[in-house]
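# Coordinate inspection notes
Now for the letters of each chain:
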Amino acid sequence: MTVRRDHGWETVVAAVRGWYLGGDVVDRARRLFFLVAVASTLLTAAPVEAEGGTQRGVMTAAVAVLIASWAHGYHRRSARRSADVADTVALVAFVGAAAEPSAVLGFLFWAVWFRSQYGSTRAAVLRCGAHLAAVAGGLALWWAMPTHTDPSEVTGLLGAFPVVLLGLAVARRVHTATSRIVRDQRREAALSALGAGVVGVVDPAEVVRVGMVTARELAAATPGLRLVLVRVRDGVADGDLRSGEWTTPIPGGPVPATLDGPLVSDADLDAAAGTRGTWTWFASPVPAGQTWLVAGGDGLAEEGHDAASLLNNHIALALNRCAAHATLTERASTDSLTGLANRGTFRDAVDLALLDGDGSDCVVLFVDLDDFKYVNDGFGHGAGDDVLRTTADRLRDVVGAAGLCARLGGDEFAVLLPATSAVVAEAVAQAVVDAVTTPLVVVTGVSQMVSGEVQVGCSVGVAGCGGVVGGVDEVVQRADVAMYSAKTAGGGVAVFGRRSAAAEAEAVLLRELAAATGRGEIEVHYQPVVDLAEDADDVSCSGMEALVRWNHPQRGLLAPGEFVTRAERTGAIHEIGAHVLDQACRDAAAWTVAGRPLTVHVNVSVAQLGDDRLLSVVASCLRRSGLPPEQLVLEITESMVLEAPDALRRVHDLAATGVRIAVDDFGTGYASLTTLRRLPVSLVKVDRSFVAGAIANPADLAIIEAVVQMAGRLGVEVVAEGVEEVGQAQLLAAAGAHHAQGFLYATPLPRAAFDEWLATRTPLTPRPTRRRTVAD
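Below, the structure is looked at part by part.

Rules used throughout
Residues numbered from 1 in each chain as written. Predicted model: local features only at pLDDT ≥ 70, side-chain atom pairs only at ≥ 80, totals over all residues. Heavy atoms only, no water. Helix = DSSP H or I, 4+ residues; strand = E, 2+ residues; numbered from the N terminus. Buried < 20%, exposed > 50% of the residue type's maximum accessible area, 1.4 Å probe, protein only. Contact = heavy atoms within 4.5 Å. Areas by Shrake-Rupley, 256 points an atom, 1.4 Å probe, with all protein chains shown as cover. Salt bridge = Lys/Arg side-chain N within 4 Å of Asp/Glu carboxyl O. Expected span 1.5 Å × (residues − 1). Arc of directions from axis to C-beta. Pairing = 2+ DSSP bridges. Axes fitted to C-alpha atoms, helices over the stretch in contact; angles between N-to-C directions. Parallel < 35°, antiparallel > 145°, perpendicular 65-115°, else oblique. Left-handed = near helix turned anticlockwise from the far one by under 90°. Nonpolar A, V, L, I, M, F, W, Y, C, P; charged D, E, K, R; others polar. Core = buried A, V, L, I, M, F, W, Y, C linked by side-chain atoms within 4.5 Å. Polar contact = N/O pair within 3.5 Å; in protein donor to acceptor, adjacent residues only side chain to side chain. Phe/Tyr/Trp six-rings, centres within 6.5 Å; stacked < 30°, edge-to-face > 60°. Lys NZ or Arg CZ within 6 Å of the ring centre and 35° of its normal.

Of the regular secondary structure elements, the protein holds 28 helices and 22 strands. Burial analysis of the protein (776 residues in total) assigns 46% to the buried set. Nonlocal contacts in the protein, meaning residues at least 24 apart in sequence, comprise 66% of its contacts between residues at least 6 apart. Accessible area of the protein: about 36600 Å², with a carbon and sulfur share of 57%.

Right, here's the structure in full:
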């Protein structure tokens, strides 16, 4: 059986140890000197003899008064004048009553050390002088007694005074050093707390509040330091002291913006702070006009200079983080081109509107610009951006604070009108149409010196949120459907639910289009691409372009212009595009096996180029068909690179798989040269508009020749589109174009008919193609 012993003494030792080692270094120094002073007093006074009982009583009372005075001062962390008077009287009494007055030196030295740890140096010197004067007075009383005739006691005691004064100097030096350490620790703790307090804070006002709390702590840790936050307004500066109570204006005008460094004493700051000193101005990041953090004061103010600089830097870093967060938040919630809310922000707003009650009183407007593509093609993308920005400004002017305007992407905008009746919503929609369709002047050309007037149409769909069960998507889809009803009718405003015969037919067509691929109604026709280097009488086919057709059960064969735009709008383009790509790869692979290794050109829509799945779709089609990647040419337009997110990166990823990239309708865009420089292009297809005018218009022929020469230097092949006459083909061949495509050779043909056409042509010996990279 184990007997448990009482270790209460260990608890006592631990408590005493904790008391002795507790506090900062100044507290521990004071505690040490207090204990030494008390111990030396008791040890010295005990054996000192007295000449009578009265003297012994006086000595004992004097020692008791000294120890009580020291204990009171230690407990109160100060040395009051009453304590100094008590010490003086007790020293006079002890020295006068002792048989050997020199015994007082046994504790006088430590008493001076202990008392020197409180108050200023001046107060410590005065206190030490009072102690020595008390000893001298007590010595005078002792010498006045007839029995005291030994002069050595007097001379020995007086001779020790310089040593006591030297001890005072050393003690004050120790106190100054330890106090500096404590002040540094307190300032470091305050700055560390500031750093921790502003982590994750994104509100500038909260950063400033925490910073001002730290400023007060720094000022409290540095006696004599004053920190002033000065704001310059209308040529007059005002500010707040660390107490936050100073509102006295500082005259003299604004501080120069370049001012940052020590200044001479400023009488106004001295008067406001209540002390004289040298002031240092720091350009403050506080967002309140022209703001300065001023540090200065008397005494130990210089100690706080570095702390004030660090305080200013901490606040600056925190406010920079706030600004960066605000910028990122704004970028994440707004459209960078127009400054309107972006798609995500708009969806969130509609979500909130639907959650507010039943959401039945909110209305969504879907705004689409008509024929915006012609602005980009005719005036350049810079002019197109101007039109989009102007449209955004006009939307803001019409809607005002009554709703939220957003740009969904491209030339599509949306407006949320909360708590709005149907009548008011239609009026707003009509006002939007009137404002947007007002002509505007745009600046065109690289030189930005040519201006022109443009006018775009506008179609607006109106959809209320009442009865919605599918959330945001259903509301936006309703407005989208209404917008296309308006577009079908030639523009203007259409309200969801008020379907005309045209709108009903459009809805039916969209449903049929969504099911067309699954029903096998999507077909691929081919138009040959011929080699212009051969004799015109013996045209050789080098490739073909895959062109989509919709074999509608009732309407017959529909050209792309009748359904591709609808497919892009509804998302059906992804399934249709994948089907066309797969069929084209399979047919080209079959012709290759049959001894006709032709390249196949497949158009990629902007919706496909903006889809992350495009790369895997292309790779899958090539793998299943066995077609070599270099025989597949993907055609894109210049505008796609600017409109589709991440389009540039995705084009480079596609080229890295081995497929070739062609730029369709080349020459009509604003940034044709930039396109060739940024993209890994292997072919350019000269737009049919230049080919059509090549014979009659020398300018068109000159453009074609310039494109051919430029492409030749870049190692890019040229295909001329829309060739319908022999004369056009001859001019193109003379200009140096590599290939041609058009009705002169064949219209787009189904697979079987293209086989028959191909059988009548001389097989072309494939020539090596040079793949150009951006590095070229």
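On we go from here.
Here we come to the pattern of salt bridges. Here the structure, examined in full by the defined rule, presents 21 salt bridges. For the salt bridge of Asp 611 with Arg 613, the shortest nitrogen-to-oxygen distance reads 2.8 Å. We classify Asp 611 as buried; its relative accessible area is 15%. The residue Lys 685 makes a salt bridge to Glu 635 at a minimum N-O spacing of 2.7 Å.

The α-helix advances 3.6 residues per turn, and as a result positions three or four apart in sequence lie on the same side. The end-to-end C-alpha separation of helix α12 (residues 343–355) is 18 Å, in line with the 18 Å expected for 13 residues at 1.5 Å each. Residues Phe 346, Ala 349, Val 350, Ala 353 and Leu 354 constitute the buried set of α12. Along the axis of α12, the buried positions cluster into a sector of 140°, meaning they face one direction only. Away from the buried face of α12 by more than 90 degrees, exposed residues Leu 352 and Leu 355 are located. Looking at the buried positions of α12, the neighbouring elements they touch are β6 (363–370), β7 (404–409), β8 (412–417) and α16 (471–488).

A separate point is the pairing of strand β17 (residues 632–637). Counting buried residues along β17, six of its six residues qualify, which places the element largely inside the surrounding structure. Of the two faces of β17, both are covered, the one formed by Leu 632, Leu 634 and Ile 636 as well as the one formed by Val 633, Glu 635 and Thr 637. Pairing of strand β16 (residues 599–603) with β17 involves four bridges; the strand directions are parallel. From the neighbouring strand, Val 600 faces β17, where its bridge partner is Leu 632.

For the rest of this paragraph, the subject is the packing of helix α3 (residues 53–76) against helix α4 (residues 81–97). Taken N-terminus to C-terminus, the directions of α3 and α4 make an angle of 155°; their axes are 8 Å apart at the nearest point. Classified by the angle between their axes, α3 and α4 sit roughly antiparallel to one another. The two elements α3 and α4 meet at a crossing, and its hand is left-handed. Across from Gln 55, Val 58, Met 59, Ala 62, Val 63, Val 65, Leu 66, Ser 69 and Trp 70 in α3, the residues of α4 making contact are Ala 83, Ala 86, Asp 87, Ala 90, Leu 91, Ala 93, Phe 94 and Ala 97. For the contact of α3 with α4, the per-class residue count stands at 14 nonpolar, two polar and one charged.

What follows covers the pairing of strand β18 (residues 660–666). Side-chain direction in a regular strand flips from residue to residue, so the side chains alternate between the two faces of the sheet. Summarising burial for β18: six of the seven residues are buried, a large majority. Two elements, β17 and β18, share five bridges in a ladder whose sense is parallel. Bridge assignment links Glu 635 to a residue of β18, and that residue is Ala 662. Pairing between β18 and strand β19 (residues 683–686): three bridges, direction parallel. Looking at the pairing, Phe 666 lines up with Val 686 of β19.

Time to look at the nonpolar core. Generally speaking, nonpolar side chains in soluble globular proteins are found buried as a group. By size, the foremost hydrophobic cluster in this structure holds 76 residues, and its most contacted members are Val 600, Leu 632, Leu 634, Val 684 and Phe 754. The greatest single-element share of this core, amounting to nine residues, is contributed by helix α19 (residues 573–593). The contact partners of Leu 632, leaving out residues within four places of it in the chain, are Leu 581, Cys 585, Val 600, Val 602, Val 618, Leu 622, Leu 627, Val 659 and Arg 660. Counting 42 residues, the second-largest nonpolar core is a separate cluster that includes Leu 66, Ala 97, Leu 108 and Val 154.

By the secondary structure assignment, Ser 459 is in strand β11 (residues 457–464). The buried category is assigned to Ser 459, whose relative accessible area is 0%. At a separation of 3.1 Å, a polar atom in the side chain of Ser 459 contacts the side chain of Asp 370. Setting aside residues no more than four positions away along its own chain, Ser 459 makes contact with Phe 366, Val 367, Asp 368, Asp 370, Met 483, Ala 486, Lys 487, Gly 491 and Gly 492.

This part is about the environment of Asn 376. Counting through the fold element by element, Asn 376 comes out in helix α13 (residues 372–379). Classification of Asn 376 as buried rests on a relative accessible area of 7%. Once the C-alpha coordinates of Asn 376 and Val 387 are considered, the two residues, eleven residues apart in sequence, prove to be 9.7 Å apart.

With that settled, consider α16. The terminal C-alpha atoms of α16 lie 26 Å apart, and with 18 residues this matches the ideal 26 Å at 1.5 Å per residue to within 8%. Positive phi appears at Gly 490, one or two residues downstream of α16, with a value of about 100°.

Moving on to the packing of aromatic side chains. Summed over the entire model, instances satisfying the criterion amount to six aromatic pairs. Taking the centre distance of 6.3 Å and the plane angle of 35° together, the rings of Trp 142 and Trp 143 count as tilted. Relative accessible area serves as the criterion here: at 2%, Trp 142 is assigned to the buried category. With a relative accessible area of 39%, Trp 143 lands in the partly exposed category. Consider the rings of Tyr 526 and Trp 591, whose centres lie 5.3 Å apart with planes at 80°: the pair is edge-to-face. One end of the pair, Tyr 526, is in strand β13 (residues 522–531); the other, Trp 591, is in helix α19, with 65 residues separating them in the sequence. Taken as a pair, Tyr 526 and Trp 591 share a single burial class, namely buried. Arg 569 extends its terminal NZ or CZ atom over the ring of Tyr 484, reaching a point 3.0 Å from the ring centre. Note that Arg 751 overlies the ring of Trp 591, its terminal NZ or CZ placed 4.7 Å from the centroid.

Moving on, we get to the sheet that holds β7. Spatial strand order, β7-β8-β6-β11-β12: five strands in an open sheet with mixed pairing. On the outer flanks of this sheet lie β7 and β12 (492–495), each paired with one strand and no other. Adjacent strand axes in the sheet meet at a mean angle of 20°, parallel and antiparallel pairs treated alike. Two elements, β7 and β8, share five bridges in a ladder whose sense is antiparallel.

What follows deals with unusual backbone geometry. Unlike most non-glycine residues, Ala 419 shows phi in positive territory, near 50°. Along the chain, Ala 419 turns up in the loop between β8 and α15 (422–436). Residue Ala 419 is classed as exposed on the basis of its relative accessible area, which comes to 62%.

When two helices pack together, their arrangement is given by the angle between their axes and by how far apart the axes lie. Between α4 and helix α6 (residues 121–144), whose axes approach to 7 Å, the crossing angle comes to 30°. With respect to their mutual orientation, α4 and α6 come out roughly parallel. Regarding α4 and α6, the two cross each other, and that crossing is right-handed. Here α4 contributes Asp 84, Asp 87, Thr 88, Leu 91, Val 92, Val 95 and Gly 96 to the contact with α6, which in turn contributes Arg 127, Ala 130, His 131, Ala 134, Val 135, Gly 138, Leu 139, Leu 141 and Trp 142.

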